[in-house]
Every structure is written in C-alpha cells, then in structure tokens.
Amino acid sequence: MLSGAGISAESGIPTFRDADGLWEGHDVMEVASPQGWASDPELVLDFYNQRRKVALDAKPNKGHLVLAELEQHFEVTVITQNIDHLHEQAGSSKVLHLHGELFKSRSTKDPNLVYQIPGWELKLGDVCEKGYQLRPHIVWFGEDVPMMEQAVGIARQADIFVVVGTSLVVYPAAGLINFVEHRVPKYVIDPNIPDVQPMANLTLINKGGGEGLSQLRLSLLRNHAP
Ligand code: APR
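Residues numbered from 1 in each chain as written. Predicted model: local features only at pLDDT ≥ 70, side-chain atom pairs only at ≥ 80, totals over all residues. Heavy atoms only, no water.

This part covers the packing of aromatic side chains. Per the counting criterion, the structure on display carries two aromatic pairs. Between W37 and W140, the aromatic rings sit 5.8 Å apart at their centres with planes inclined by 40 degrees, giving tilted as the arrangement. One end of the pair, W37, is in helix 3 (residues 34-39); the other, W140, is in the loop between strand 6 (134-138) and helix 7 (148-157), with 103 residues separating them in the sequence. For W140, a relative accessible area of 2% puts it in the buried group. Centre to centre, the rings of F47 and Y48 are 5.1 Å apart; their planes meet at 90 degrees, and the pair counts as edge-to-face. Here F47 falls in the buried class, since its relative accessible area comes to 4%. Residue placement shows R51 over the ring face of F47; its charged tip is 4.6 Å from the ring centre. The cationic tip of K53 hangs over the ring face of W120; the distance from NZ or CZ to the ring centre is 4.1 Å. (Phe/Tyr/Trp six-rings, centres within 6.5 Å; stacked < 30°, edge-to-face > 60°. Helix = DSSP H or I, 4+ residues; strand = E, 2+ residues; numbered from the N terminus. Buried < 20%, exposed > 50% of the residue type's maximum accessible area, 1.4 Å probe, protein only. Lys NZ or Arg CZ within 6 Å of the ring centre and 35° of its normal.)

We now examine the environment of I205. When you line up the elements, I205 lands in strand 9 (residues 202-205). Among all residues touching I205, those that are not within four sequence positions of it are Y187, V188, I189, D190, I193, G212, Q215 and L216. (Contact = heavy atoms within 4.5 Å.)

Our next topic: the sheet that holds strand 5 (residues 114-116). Strands pair in a sheet through their backbones, by hydrogen bonds, and they do so in one of two ways: parallel or antiparallel. Pairing is antiparallel across the open sheet formed by three strands, whose spatial order is 5-4-6. Edge strands, defined here as strands with exactly one partner in the open sheet, are strand 5 and strand 6. Pairwise comparison of adjacent strand axes, ignoring direction, gives a mean angle of 45 degrees for this sheet. Examined bridge by bridge, strand 4 (residues 100-107) and strand 5 share three bridges and lie antiparallel to one another. Bridging across to strand 5, S105 finds its partner in Y115. Packing against the sheet, helix 4 (residues 41-57) makes contact with strand 4 and strand 6, and its axis sits at approximately 140 degrees to strand 4. (Pairing = 2+ DSSP bridges. Axes fitted to C-alpha atoms, helices over the stretch in contact; angles between N-to-C directions.)

Rendered as structure tokens:
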C-alpha cells in the first residue's frame, strides 16, 4: 500500500496541499530543497525541528491501526511518503519511507552516516563522526529517491494495492500505481479523490483514512482473506 500525508491528518499532522498546508507560509524550495539548505540552513533546521515537535505529540489514528491489524490476515508492506513514524507506532512491521525519516539525521559529507535524533532538535554545529554538519534525513525536492527501486518491486508484486491520503502530484511516488499488474484490485481512499488515470480493477473510496480503511478491511476480509 502507498500512504501520503492524508493518513496522518486524523492524528493532527497537517497535510501539505490542503488549506493550512504544512509549509507554514514558506516557499517549499526555501525549506525542502538543496538550494534552501545552501542559502539558509538554520531556517531549514528550524522548520524540521517544528515538525518533530508536532510529531512527538501525535498518536497513530484508526487508519494506521487498521493497516497494522491487517497484518493478521495479509502480508502488508507500507510504502509511505510520510516522514513521521505513526505507521510503526501503530504496529506495522514493514514500512518503507520513500521520502526519508523525520527522526533521523545524516552527514552532509557522507550520506551513509545516518543517525537517530533523540528529541526534537537538530542544530547548526551538530556534526557527524567525521566532523561535518548533520542535515535532516529527508528527500528534498530535486533529490533522488533512493528507495524508489525497492518500492517499484513491491508494487509489481502486489496482489492488492491500496493508496491512502495522497494527492498523487509528487513523482516518482505518484507513478507507483502504474507498476501494479492489470489483474490486481486497486483501491484509492481519500476524502478528495485525486486524479488517477482510468485503469483496470480500480475502486475509489471517497472517505477519510480511518473510515475508508475500516470499510476496506471488511470487504478485503470478506473477499480476499486466505
Ligand atoms: N484521510 C485521508 N486523506 C486525507 C484526509 C484524511 N482525513 N485529509 C486529507 N486527505 C488527503 C487530501 O485530500 C490529499 O489528497 O490527503 C492528501 C494530501 O495530499 P498532499 O498534502 O499533497 O500530501 P502527499 O500526497 O503526501 O504529498 C506528497 O509531497 O511535499 C511533498 O514530500 C512531501 O511526501 C510529500 C509529498
């Protein structure tokens, strides 16, 4: 399954593109691009420090919990564009973070040096073991998506594919559904259904994450459970 910011909306984490979107009055390129980092790293660090504070207060909601529970019946892999850890907190065991992780930092010199951020704060002057500044472990606009290949492999092998809470405007993530086999049932759950090109076996569920996933769970258990 593929999730986006919408699945965390019911936990109180604002999405990016709904009204009151998360960019907090910033141009996205200021706070989420290599150029933004080069011109004002302190602003970027502060932006993600605020995101961490909000995330620390958030709890998984019904949507996250239903997905975790589905592991009792199906082999579930969550591909998420979200940088929070609400899927893991709900109990999902296989979560692939396409766009990075809010509570990790990485060296600006050696991308293999990745660290856990214990609290909410990452500051100028926090350095890796080689002495170079740490940056958020986030995939910014214009950067490669290193997990994409793995995500495509998962989409190709899926027997059921569910998309929840994403506007499907940011690529390459938005294209994942196109790798899913024709015969495979596909579900898109969103209170504001995004543009999806017509495709075989597609069901649109025009609801929020918690309610939509609960409804889908019942129908999956009825129709597909082994
Ligand atoms: N339940 C489910 N979906 C919801 C809910 C809800 N309660 N509330 C809103 N949504 C939907 C919106 O209708 C919208 O389709 O969630 C979607 C959120 O879209 P975006 O804000 O664009 O978030 P997302 O698709 O995850 O963004 C993709 O863009 O900015 C980058 O890297 C960032 O990972 C992010 C990527």
